[in-house]
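Each chain, letter by letter, is given below.
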Amino acid sequence: MYSNLNLSKYEKLLKSVGSLSKIYSTSDVPLVHSRFIEKLFIEASLNEVVDLTRSDVSFDCIENKNKGVGIKTFTSPKSSSNEKIAEFNNVSHSFEGLDEQQLSIAVSEARNNRIISDASELGVDVSKSYYHCLVRQSGNALIHEEPLELIDVKNLKLLKNKRNKYPFFTDGKSEYSFNPTKSTLFKKFDISKFFSSDKIEIPMIAED
C-alpha cells in the first residue's frame, strides 16, 4: 500500500456515507461523491497532508511535503476501468490535423509537461507520487493504489481499436486513450496490478 491511512477511520466514514446510497440511487453500487473521497483520504491520512483539491493542478494533495497524490473514485464491475486523468481545452488547437501516432505523442508530452511544471512549483517528487482510488462495486468497495507516473513517450505504441475513432496507446507500463472532441486523456486502471485491498462491505439502508 502506498498510502499511510487510519483504515479503521477510513472504513467507518465510508460505510456511514455509502450506506445512504439508496436515498439517491436504485443501484447496488454505493453512490459516493468524488469530493467526499478526496476529503475522506485527507481526513484518514496519518501523514502530514496539504489539501490541493480546489486547485487546478495535477495532484489532489501533497503528503509529507514532497509526495503527490491523485485521488479518484469509480465503478468497476470488471478488473479495470478507463478514467479521465487530464483535460487539455487550453491547448486543444495544437492537436488539430495530427494523425493518431502524432496525437498520442503530443497529448503524452502535454500531460508530462503539466505534471513536471506542477511538481516543480509544488516541490513534489514525481517518483514518489501515486494514485489513490476507491473502486466501487456491487455492495462493496476496495482501495486501489498505483504509481502516478510520467508517460514514457519514447516507447509509445498504438493499440488496435475498432470501437472508437480516437487513439488508444500504451507506453509499455499503462494504457491510455484520448478523446479529441472533449480534449480528454483517459488512463486504464487495472485493479489486478499494484495494490488492491480486500473488499470493504457496505450494507445499504433500504429506501423506505
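Preceding this paragraph is the structure being described.
Residues numbered from 1 in each chain as written. Predicted model: local features only at pLDDT ≥ 70, side-chain atom pairs only at ≥ 80, totals over all residues. Heavy atoms only, no water.

(A) Representation of the packing of aromatic side chains in the model. Summed over all chains, the structure comprises 8 aromatic pairs. Ring plane angle 85° and centroid distance 5.5 Å describe the contact between phenylalanine 95 and phenylalanine 178, whose orientation is recorded as edge-to-face. Note that phenylalanine 95 is positioned in the loop between strand S4 (80-87) and helix H3 (100-122) and phenylalanine 178 in strand S9 (residues 175-179), a separation of 83 residues in sequence. Ring plane angle 85° and centroid distance 5.1 Å describe the contact between tyrosine 131 and phenylalanine 189, whose orientation is recorded as edge-to-face. Of the two residues, tyrosine 131 is situated in strand S5 (residues 130-137) and phenylalanine 189 in strand S10 (residues 184-190); the sequence distance between them amounts to 58 residues. Each member of the pair tyrosine 131 and phenylalanine 189 is classed as buried. An aromatic cluster is built from Phe74, Tyr131 and Phe189, whose rings are joined through pairwise contacts. Here the guanidinium or amino end of lysine 187 rests over the ring plane of phenylalanine 189, the centre of that ring lying 4.5 Å away. (Phe/Tyr/Trp six-rings, centres within 6.5 Å; stacked < 30°, edge-to-face > 60°. Helix = DSSP H or I, 4+ residues; strand = E, 2+ residues; numbered from the N terminus. Buried < 20%, exposed > 50% of the residue type's maximum accessible area, 1.4 Å probe, protein only. Lys NZ or Arg CZ within 6 Å of the ring centre and 35° of its normal.)

(B) Looking closely at helix H1 (residues 7-18). For H1, which comprises 12 residues, the first-to-last C-alpha distance of 16 Å matches the rise-based estimate of 16 Å (1.5 Å per residue) to within 8%. Listing the buried residues of H1 in full gives Tyr10, Leu14 and Gly18. Angular distribution of buried residues about the axis of H1 spans 50°; they occupy a single face of the element. Exposed positions of H1 whose direction lies more than 90 degrees from the buried face are Ser8 and Lys12. At its buried positions, H1 is contacted by helix H2 (34-44), S5, strand S6 (140-147) and strand S12 (200-201). (Expected span 1.5 Å × (residues − 1). Arc of directions from axis to C-beta. Contact = heavy atoms within 4.5 Å.)

Limitation: the analysis is restricted to geometry and does not speak to function.
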